[in-house]
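Reading the structure
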Amino acid sequence: MSNPNVRESDFAVPATIDVVVQRLDGVTVVAVSGELDMLTAPTLKSSLTEQVDDAPAVVVDLNGVTFLGSAGLATLVGALHQAERRAVPLFLSATSHSVLRPLIATGLSEIFPVYPSPEEAVRAINRVEPSRAGS
């Protein structure tokens, strides 16, 4: 039995995500904003696949993400595996509860290096991999 006062269209807000790629001190920063779920994860996956293939190091800035679902987590893990195969450092930047909570709950915060800002992540990469700076 359906409720005549509630229409599916009341909740049908198209999921959107913005992905902006920039360089910071020789490191590619992929800044993500919006909801990272099963509808938007393919957009991030496409960008990360390309960046990990082409960049000497990558930071995924999740500070603009308002929701991180299982598809988003799977996308990040897939990018990490790709980065490991190519010996490309891949770090995350995140401070919000909506991102840190799923990373901690799944144990991924122990696998990914996570920094509060992209700048701090870039500095950490350049300390670990000084030859990558300015590449």
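Reference entry: report on the structure contained in this document. What you are looking at is a predicted structure, and each value in this text was computed from that prediction instead of being measured. (Residues numbered from 1 in each chain as written. Predicted model: local features only at pLDDT ≥ 70, side-chain atom pairs only at ≥ 80, totals over all residues. Heavy atoms only, no water.)

Describing the overall build of the protein
Helix and strand counts for the protein stand at four helices and five strands. Element order for the protein, N to C, with α for helix and β for strand: β-β-α-β-α-β-α-β-α. Put simply, 71% of the contacts in the protein that link residues at least 6 apart link residues at least 24 apart. Approximately 7,500 Å² of the protein is accessible, and the part contributed by carbon and sulfur atoms is 54%. (Helix = DSSP H or I, 4+ residues; strand = E, 2+ residues; numbered from the N terminus. Contact = heavy atoms within 4.5 Å. Areas by Shrake-Rupley, 256 points an atom, 1.4 Å probe, with all protein chains shown as cover.)

Examining the pattern of salt bridges
Tallied over the full model, the rule gives one salt bridge. Measuring nitrogen to oxygen at the nearest pair gives 3.6 Å for the salt bridge that ties aspartate 53 to arginine 86. You can see aspartate 53 sitting in helix α1 (residues 41-54) and its partner arginine 86 sitting in helix α2 (residues 70-86), a full 33 residues away along the chain. (Salt bridge = Lys/Arg side-chain N within 4 Å of Asp/Glu carboxyl O.)

Notes on helix α4 (residues 118-128)
Regarding α4, the residues found buried are Pro118, Ala121, Val122, Ala124, Ile125 and Asn126. For α4, the elements touching its buried residues are β1 (17-24), β2 (27-36), β3 (58-68), β4 (90-93) and β5 (114-115). (Buried < 20%, exposed > 50% of the residue type's maximum accessible area, 1.4 Å probe, protein only.)

What to know about the nonpolar core
Val60, Leu62, Leu76 and Leu90 are the most contacted members of the largest nonpolar core, which has 27 residues in total. Aside from chain neighbours lying at most four places away, what touches leucine 76 is Leu44, Leu48, Val60, Leu62, Leu68, Leu92 and Phe112. Within the second largest apolar cluster, nine residues are counted, among which are Val59, Phe91, Ala121 and Val122. (Core = buried A, V, L, I, M, F, W, Y, C linked by side-chain atoms within 4.5 Å.)

Topic: the packing of aromatic side chains
Enumeration according to the criterion identifies one aromatic pair in this entry. Between the aromatic rings of phenylalanine 91 and tyrosine 115, the centroid separation amounts to 5.7 Å while the plane-to-plane angle is 10°, which identifies the pairing as stacked. Of this pair, phenylalanine 91 sits in strand β4 while tyrosine 115 sits in strand β5, and the two are 24 residues apart along the sequence. Here phenylalanine 91 falls in the buried class, since its relative accessible area comes to 10%. (Phe/Tyr/Trp six-rings, centres within 6.5 Å; stacked < 30°, edge-to-face > 60°.)

Section: the sheet that holds β1
Pairing within the open sheet is mixed, and its five strands lie in the order β1-β2-β3-β4-β5. Sheet topology places β1 and β5 at the edges, where each strand pairs with a single neighbour. Pairing of β3 with β4 involves four bridges; the strand directions are parallel. What sits directly across from valine 58, in β4, is leucine 90. The sheet contacts of α1 involve β1, β2, β3 and β4, and relative to β2 the element is tilted by about 175°. Relative to β3, α4 is tilted by about 150°, and along the sheet it contacts β1, β2, β3, β4 and β5. (Pairing = 2+ DSSP bridges. Axes fitted to C-alpha atoms, helices over the stretch in contact; angles between N-to-C directions.)

Spatial relationships are all this shows, so hold off on functional conclusions.
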